[in-house]
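The primary structure of each chain is shown beneath.
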Amino acid sequence: MKILIAENDEISLSLLQNMIVKMDHTPFAAKDGLDAWNIYQKNSVNMIITDWHVPIMDGLTLCKKIRASESDIYTYIIVTAVDDSRKCMLETLRSGADDFIAKPFNDEELLLRIKTGERIIALEKNHKDMEEILKRSRNKVRVVLDSLPEQVVSIDKDYCIVSANSAFLKEKGLIFSEVNACQCFDTKYWNMYAQGLERIKAHAKNVFDSAKPFSIRELIPGLDQQNRHLEINFLPVQYESGGVHQVAIVLRDVTDDQRNLDNINILNQKLQKAFYEIQGKNEELLHTLERLKETQSHMVQSEKMASIGQLAAGVAHEINNPIGFVSSNLKTLSGYQQNISQVMSLYKKFEAKLYGIKNTDFNSLNDFLDMIRKQEASLDIEYIIEDIPNLIQESREGLERIKKIVLDLKNFSHPGEDELKLADINQNIDSTLNIVWNELKYKAQIVKDYSELPQVKCYPQQLNQVFMNILVNAAQAIQKNGEIGIVTREINDFIEIIISDTGEGISEKNLNRIFDPFFTTKEVGKGTGLGLNVAYNIIRKHGGEISVKSQVGKGTEFTMKIPINGPSSPEKAL
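Cut-offs applied
Residues numbered from 1 in each chain as written. Predicted model: local features only at pLDDT ≥ 70, side-chain atom pairs only at ≥ 80, totals over all residues. Heavy atoms only, no water. Helix = DSSP H or I, 4+ residues; strand = E, 2+ residues; numbered from the N terminus. Buried < 20%, exposed > 50% of the residue type's maximum accessible area, 1.4 Å probe, protein only. Pairing = 2+ DSSP bridges. Axes fitted to C-alpha atoms, helices over the stretch in contact; angles between N-to-C directions. Contact = heavy atoms within 4.5 Å. Expected span 1.5 Å × (residues − 1). Bend = angle between axes of the 7 residues up to and from the residue. Polar contact = N/O pair within 3.5 Å; in protein donor to acceptor, adjacent residues only side chain to side chain. Lys, Arg positive; Asp, Glu negative; His and termini not counted. Salt bridge = Lys/Arg side-chain N within 4 Å of Asp/Glu carboxyl O. 1 Å grid on protein atoms, 1.4 Å probe; cavity = no way out; pocket = protein on both sides within 12 Å on 5 of 7 lines; lining within 4 Å. Points joined across faces, edges and corners; volume = space filled by probe spheres on them. Nonpolar A, V, L, I, M, F, W, Y, C, P; charged D, E, K, R; others polar. Core = buried A, V, L, I, M, F, W, Y, C linked by side-chain atoms within 4.5 Å. Arc of directions from axis to C-beta. Phe/Tyr/Trp six-rings, centres within 6.5 Å; stacked < 30°, edge-to-face > 60°. Lys NZ or Arg CZ within 6 Å of the ring centre and 35° of its normal.

(A) Local environment of the overall build of the protein chain. Each helix and strand counted, the protein chain has 15 helices and 17 strands in total. When each of the 574 residues of the protein chain is scored for burial, the buried share is 40%.

(B) Spotlight on the sheet that holds strand E4 (residues 76-81). Spatially, E2-E1-E3-E4-E5 is the arrangement adopted by the five strands of the open sheet, whose pairing is parallel. The open sheet is flanked by strand E2 (26-30) and strand E5 (99-102), the only strands paired with a single partner. Shown here is a sheet whose adjacent strand axes are inclined to one another by a mean of 20 degrees, direction ignored. Relative to strand E3 (residues 47-51), strand E1 (residues 2-6) runs parallel, the two sharing four bridges. Bridge pairing links Ile3 to Met47 in E3. Relative to E5, helix H4 (residues 86-94) is tilted by about 150 degrees, and along the sheet it contacts E4 and E5.

(C) Layout of helix H12 (residues 425-440). Taking 1.5 Å as the rise per residue, H12 with 16 residues should run 22 Å; its terminal C-alpha atoms sit only 20 Å apart, a clear shortfall. The largest bend in H12 amounts to roughly 50 degrees and is located at Asn434. Counted residue by residue, H12 has twelve buried out of 16 residues, so it is predominantly covered. Residues of H12 that are buried include every one of Ile425, Asn426, Asn428, Ile429, Ser431, Thr432, Leu433, Asn434, Ile435, Val436, Asn438 and Leu440, and no others. The N-cap residue of H12 is Asp424: its side-chain oxygen and the backbone nitrogen of Asn426 are 3.0 Å apart.

(D) Up close: the side chain of Asp501. With respect to the element layout, Asp501 can be found in strand E15 (residues 494-501). Lys443 is the oppositely charged side chain nearest to the buried, salt-bridge-free Asp501, at an N-O distance of 10 Å. A distance of 2.8 Å separates the side chain of Asp501 from the backbone nitrogen of Gly503, its partner in a polar contact. The residues contacting Asp501, other than those within four sequence positions of it, are Ala474, Ala477, Ile478, Glu483, Ile484, Lys554, Gly555 and Thr556.

(E) Local environment of the sheet that holds strand E14 (residues 482-491). Judged by pairing direction, the sheet is mixed, and its five strands sit side by side in the order E12-E14-E15-E17-E16 without closing on themselves. The open sheet has two edge strands, strand E12 (444-450) and strand E16 (545-551), and neither has a second partner. Put simply, the sheet's adjacent strands are angled 15 degrees from each other on average, direction ignored. One ladder, built from eight bridges, connects E14 with E15; its direction is antiparallel. What sits directly across from Arg489, in E15, is Glu496. Packed on one face of the sheet, H12 meets E12, E14 and E15 and runs near 180 degrees to E12.

(F) Spatial organisation of the layout of surface pockets. The volume enclosed by the second largest pocket comes to roughly 1,600 Å³. In terms of lining, the second largest pocket is formed by 40 residues, of which the most central are Arg138, Val237, Gln238, Leu271 and Phe275. Contributions of two or more residues to the lining of the second largest pocket are made by helix H5 (107-147), strand E6 (151-155), strand E7 (161-164), strand E9 (227-238), strand E10 (244-253) and helix H9 (259-355). Ranked by residues supplied to the lining of the second largest pocket, first place goes to H9 with 13 residues. In terms of residue class, the lining of the second largest pocket is built from 22 nonpolar, 13 polar and five charged.

(G) Spatial organisation of the pattern of salt bridges. Considering all chains together, one arrives at 15 salt bridges under this definition. Here Lys103 ties to Glu7 by a salt bridge, and the two come within 2.8 Å at their closest N and O atoms. Residue Lys103 is located in the loop between E5 and H5, and its partner Glu7 is located in the loop between E1 and helix H1 (10-22); the two are separated by 96 residues in the primary sequence. For the pair shown, Lys103 and Glu7 are each scored as buried. Here Arg113 makes a salt bridge to Glu109, at a shortest N to O gap of 2.9 Å. Taken together, the residues span about one helical turn, with Arg113 and Glu109 both in helix H5 at a distance of four residues. Salt bridges sharing partners connect three or more residues here, namely Glu7, Asp51 and Lys103.

(H) Focus on the nonpolar core. If you look at the biggest cluster of nonpolar residues, it comprises 42 residues, and the most contacted ones within it are Ile425, Ile484, Ile497 and Met560. Among the elements that take part in this core, helix H13 (residues 460-477) stands out by supplying nine residues, more than any other. Excluding its chain neighbours within four sequence positions, the residues that come into contact with Met560 are Val466, Phe467, Ile470, Ile495, Glu496, Ile497, Ile499, Ile539, Glu545 and Ile546. Grouped together as the second largest cluster of nonpolar side chains are 27 residues, Leu169, Phe208, Phe234 and Val244 included.

(I) Up close: helix H8 (residues 194-210). A rise of 1.5 Å per residue sets the reference length of H8, with its 17 residues, at 24 Å; its end C-alpha atoms lie 24 Å apart and thus fit the reference within 8%. Where H8 is concerned, the buried positions are Gly196, Leu197, Ile200, His203, Ala204, Val207 and Phe208. For H8, the arc enclosing every buried residue in end-on projection is 145 degrees, short of the 170-degree limit, so these residues lie on one face. Turned more than 90 degrees away from the buried face of H8 sit Gln195, Glu198 and Asp209, all of them exposed. Just downstream of H8, Ala211 is the residue with a positive phi angle, here 60 degrees.

(J) Highlighting the packing of aromatic side chains. Tallying each qualifying case throughout the model produces seven aromatic pairs. Centre to centre, the rings of Phe214 and Phe234 are 6.4 Å apart; their planes meet at 40 degrees, and the pair counts as tilted. You can see Phe214 sitting in strand E8 (residues 214-221) and its partner Phe234 sitting in strand E9, a full 20 residues away along the chain. By relative accessible area, which is 36% here, Phe214 ends up partly exposed. An aromatic cluster is defined as three or more aromatic residues linked by ring pairs; in this entry it consists of Tyr159, Phe185 and Phe208. Over the ring of Trp37 we find Lys65; its NZ or CZ atom is 4.6 Å from the centre of that ring.

In structure tokens, the structure reads:
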């Protein structure tokens, strides 16, 4: 399929070109609306993706010119714009565009919009094919009608002739241009009295009003002075809405050949059947398209909700643990504070007693000191003093752990900060492990073999999504206690990441399909098959490679290679 891109931003233009090439389509690039219009006129373009504000001729003007032009093929138009307001969208659709996407757009969303366009284009092509079939059918009907010995003439509501077959014209000794748009019920066209002609005209009017076919027989004098039995059939030609816009009048000399009547009836039945079959096919295609859109929307939404729910539950569990022992430590510290306060109260009393002591009161002073020592011993003040720093240190560690989880989650999910920058792949993997740890810790032991790596130019959040999808899949593949291995190393100008597990493995028949969208081996309701497809697209758009090896009963190994210097162009990853 040929796709024309009208975009004056170099990065966005190259980005869209790469995406279209990866979809096995042929891109045409234009940096302004006039250039796009010239390319459109010279090429059979199936789809156009244009920015609203391309220079010289804006995207909406381009839409209007395309819709006003005459073309043999239907061109599907997607308009992109920074303004995502309803007013902007409605103005775009009024200009003749088929779809509207607000910038910045998600790569998966754009992919699905293009695929929707492909289906619409396919439907339009099918529709044109059907029109061509109908056109050929009409021509065939014309040939058939002209080959019939019966006279056939069609009239409009003003009783003017709109078509006539060869038999009718031959019988009258005329050519079609001589009868076209003339009153059909003129006596010069009928070999009968005016009274009979008015009766036939009244029957035609009834057919227009009732939309029901009607048949009569008239006795008319023949050229050989012998009366002839003429059968006259009135056939309504209706709009899809049901109104009659023409009546076909079929004149047949049933005296000579009654069988011709059967041929006309059969032909009429075939024509009506063909019409309803084509109409039914069109309706079925529209219903199928709507069901497909609804199903895909539900599946993508299900995948999003599953990921959000899984992360939220795991992070909440990981945060609850340190919160629990910080809370316990604070409770213990509160008890310690009460005990210390009791001892301090005794010391204050002792201090007051010292100010009022007399030479003869030393014995009572010693007794008071003994009471203080006994209170310290019973409250274990020495242990409290030793334990307080430990409790404070544990609480600090717990709070640091909570801080790290929250920071990792923020860095992982923040939608506005994913840009091309230098990143530490080892640190990214650890950050992802911290986010999904609750999914892993009950199923597998994590074995790391990290090499010292250079900084990699990449989109960190997108790579975190890849690591998360593969790690969670690895944990789900392990039934009981297993092992997940993570190896990183530098090979030439690439960073290689290997994630392996000792899970159930993948059968050979499914191994070549695991990166296909919507393919999953999980139970119904537990997976949409989008996770590995997303991972595959992210790695490929980084200019890297992803491969998989697996053996049933032993486990699976994913190998990813990412260029250290990033994609060949910044717009290669969305």
